[in-house]
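# Descriptive analysis of the structure
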Amino acid sequence: MKMGLTSSPLRRRSCFLAFILVLVPCTILFLVLGTDFTAEQTMSQRVAEFQMRMQYLESMYRAKQEDVAILSQYLGFSNQNGETSNMSINLNLLDGLSADSRSLIRNVSASTKLPANLKLPTAFHFLPHLLDDPASLRPAFLQTKNRQGVSIVFGIPTVKRDKQSYLLETVDNLIANMDEEEQNETMIVIFIGETEQEYVNQVANSINTRFPTFLESGFIEIIAPAASYYPDMHRLRQTLNDSVERVKWRSKQNLDFAYLMAYTQPKGNLVLRYLKT
């Protein structure tokens, strides 16, 4: 009987010690894990908050980039001869600015009243890569006499070909079938859809050699885009079950035609675009 009574407290003490040995590590582990979880949750919230702020700042940065690009067009670029083109106030162009920029212009120039119309999309909405370079819409090559107000503008795009180019023959044929009166109401704009400056200069020199008087009179103009006008052609989405090369070709052709039409549109009442020569 005495041994049973003696062993019972010892057993209870052993159980209590075992319970303590199990409880203490579990409590410490729970506290450590709980602290880590709280810290991780707080960190995740901060990262999400920073991401939202970065997205907001990026959108603001893009908006200001677009404002700068639009204002650059509004003020006009200097051409290769160092002459600055005088552009009249274009309210439709300024409508593309952000609200704070329009407000700033109102404060600077009280005479310029900008209507609060719906903001129309610009080229930068559809081609956002143009905002990465302020000179993306500035021609890399431009030979012009700033002729405007004609009845018809013939836009002729040309690209580098592996075989023969029919550019000079096409221009020669157009000129040969016009009389002097028709030439006075017409002009030809040749668009060189290449970014390799050596090739652009080579084509321009051949045109100058063949048609010097027509270039001097402003009847013929030559233009070539900047390399930054084109997006990364390796990141295009494949459509119409076309191959990658076909998608690149179609995309570049559309961009070439858009550039040519945008340049020639203010020069005449009617713009006729030829297929690539």
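Sequence order as written defines the numbering, with residues in each chain counted from 1. Only residues with pLDDT of 70 or above have their local features reported here, since the model is predicted, and side-chain atom pairs are shown and tallied only from 80 upward, although totals for entire chains, interfaces and linings are computed over all residues. Computation of side-chain values: all heavy atoms of the structure, hydrogens and water removed.

### Overview of the overall build of the chain
Labels follow the DSSP assignment, with helices taken as runs of H or I lasting at least four residues and strands as runs of E lasting at least two, numbered in each case from the N terminus. Helix and strand counts for the chain come out as nine helices and five strands. Here the chain, with 277 residues, has 32% of them falling under the buried criterion. When contacts within the chain are restricted to residue pairs at least 6 apart in sequence, long-range pairs at least 24 apart make up 72% of them. Looking at the chain as shown, the accessible area adds up to about 18700 Å², and 58% of this sits on carbon and sulfur atoms. Accessible area is worked out with a 1.4 Å probe on protein chains only. A residue is then buried under 20% of its type maximum, exposed over 50%, and partly exposed in between. By definition in these notes, contact holds between two residues if any of their heavy atoms fall within 4.5 Å. Note on areas: Shrake-Rupley with a 1.4 Å probe; residue coverage comes only from the protein chains shown.

### Quick word on the environment of Gln253
As for its placement among the helices and strands, Gln253 is situated in helix α9 (residues 244-264). Here Gln253 falls in the buried class, since its relative accessible area comes to 17%.

### Some thoughts on unusual backbone geometry
The backbone phi angle of Asn146 is positive, close to 55°, even though this residue is not glycine. One can find Asn146 in the loop between β1 (141-143) and β2 (150-158).

### Things to note about the side chain of Asp242
Within the fold, Asp242 resides in the loop between β4 (220-224) and α9. As used in this structure description, the phrase polar contact means that two N or O atoms lie within 3.5 Å; if the pair is within protein, one of them must be able to donate a hydrogen and the other to accept it, and residues adjacent in sequence are counted only when both atoms belong to side chains. Among the polar contacts listed, one links the side chain of Asp242 to the side chain of Arg250, at a separation of 2.9 Å.

### Considering the sheet that holds β2
Strand pairing within a sheet occurs via backbone hydrogen bonds; the two strands may be parallel or antiparallel. Strands pair, by our definition, only if DSSP identifies at least two bridges between them. The strand order across the open sheet built from five strands is β1-β4-β3-β2-β5, with neighbouring strands paired in mixed fashion. Strands at the two margins of the open sheet, each flanked by one partner only, are β1 and β5 (268-273). Between one strand axis and the next, the sheet turns through 20° on average, direction left out of account. By the bridge criterion, four bridges tie strand β3 (residues 186-192) to β4 in an arrangement that is parallel. Its bridge partner lying in β4, Ile190 is registered against Ile222. Between N-to-C directions, angles span 0 to 180 degrees; the directions come from axes that are lines fitted to C-alpha atoms, helices contributing only their stretch in contact.

### Some words on the pairing of β4
The element β4 is extensively covered by neighbouring structure, given that five of its five residues are classed as buried. Relative to β4, β1 runs antiparallel, the two being bridged by three bridges. The residue bridging Gln143 from the neighbouring strand is Ile222, located in β4.

### Concerning the packing of aromatic side chains
Both the distance between ring centres and the angle between the ring planes are used here to describe each pair of aromatic rings. Think of it this way: a Phe, Tyr or Trp ring, Trp meaning its six-membered ring, pairs with another when their centres are within 6.5 Å, and the plane angle makes it stacked under 30 degrees, edge-to-face over 60, tilted otherwise. Evaluated as defined, the whole model comprises four aromatic pairs. By way of ring pairs, the aromatic residues Phe191, Tyr229, Tyr230 and Tyr259 are connected into one cluster.

### Here's the deal with the environment of Leu255
Examined against the element boundaries, Leu255 turns out to sit in helix α9. A residue is classified by how much of its surface remains accessible, and Leu255, at 10% relative accessible area, is buried. When the C-alpha positions of Leu255 and Pro231 are compared, they lie 9.6 Å apart, and in sequence the two are 24 residues distant. Not counting chain neighbours up to four residues away, the residues in contact with Leu255 comprise Leu127, Tyr229, Tyr230, Pro231 and Met233.

### What about the nonpolar core?
The criterion is simple. A nonpolar core is a set of buried Ala, Val, Leu, Ile, Met, Phe, Trp, Tyr and Cys residues joined through side-chain atoms within 4.5 Å. Ranked by internal contacts, the top residues of the largest apolar core, which has 24 residues, are Val171, Ile175, Ile188, Ile207, Phe211 and Ile220. Put simply, the parts of the chain that give this core at least two residues each are β2, α5 (167-176), β3, α7 (197-210), α8 (212-217) and β4. Membership of the second largest hydrophobic core comes to 17 residues, among which are Met187, Tyr229, Leu260 and Val271.

### Quick notes on a negative patch on the surface
Residues qualify for a patch when their relative accessible area is over 30% and they have no salt bridge, like charges being joined within 9 Å and the nonpolar side chains of Val, Leu, Ile, Met, Phe, Trp and Tyr within 5 Å. Salt bridges are defined as contacts in which a side-chain nitrogen from Lys or Arg sits within 4 Å of a carboxyl oxygen from Asp or Glu. Within this scheme the basic residues Lys and Arg register as positive and the acidic residues Asp and Glu register as negative, but His and the chain ends are omitted. In this description, the location of a charge corresponds to atom NZ of lysine, CZ of arginine, CG of aspartate or CD of glutamate. There is a patch of like negative charges on the surface, built from Asp179, Glu180, Glu181, Glu182 and Glu185. Its location among the elements puts Glu182 in helix α6 (residues 180-184).

### A few points about the pattern of salt bridges
Considering all chains together, one arrives at seven salt bridges under this definition. Residue Asp172 pairs with Arg210 through a salt bridge whose shortest N-O separation is 3.3 Å. A residue pair is termed long-range when its members are at least 10 positions apart, and Asp172 in helix α5 and Arg210 in helix α7 qualify at 38 residues. Given the relative accessible area of 38%, Arg210 is considered partly exposed. Put simply, Asp256 and Lys252 hold a salt bridge, and the shortest N to O gap is 2.7 Å. Here Lys252 and Asp256 lie together in helix α9, a separation of four residues that amounts to about one turn. Look at Asp256 and you get buried, because its relative accessible area is 0%. For Lys252, a relative accessible area of 21% corresponds to the partly exposed category.

### Points about α7
In this scheme, a helix's expected span is set at 1.5 Å multiplied by one less than its residue total. Taking 1.5 Å per residue as the helical rise, α7 with its 14 residues ought to reach 20 Å, and the 20 Å between its terminal C-alpha atoms agrees with that figure. Looking at α7, one finds that the buried residues are Tyr199, Val200, Val203, Ala204 and Ile207. When α7 is viewed along its axis, its buried side chains cluster within an angular range of 135° and face the same direction. The exposed set on the far side of α7, more than 90 degrees from its buried face, consists of Glu198, Gln202 and Thr209. Contacts made by the buried residues of α7 are with β1, α5, β3, α8 and β4. The arc in question is the one spanned by the directions pointing from the helix axis to the C-beta atoms.

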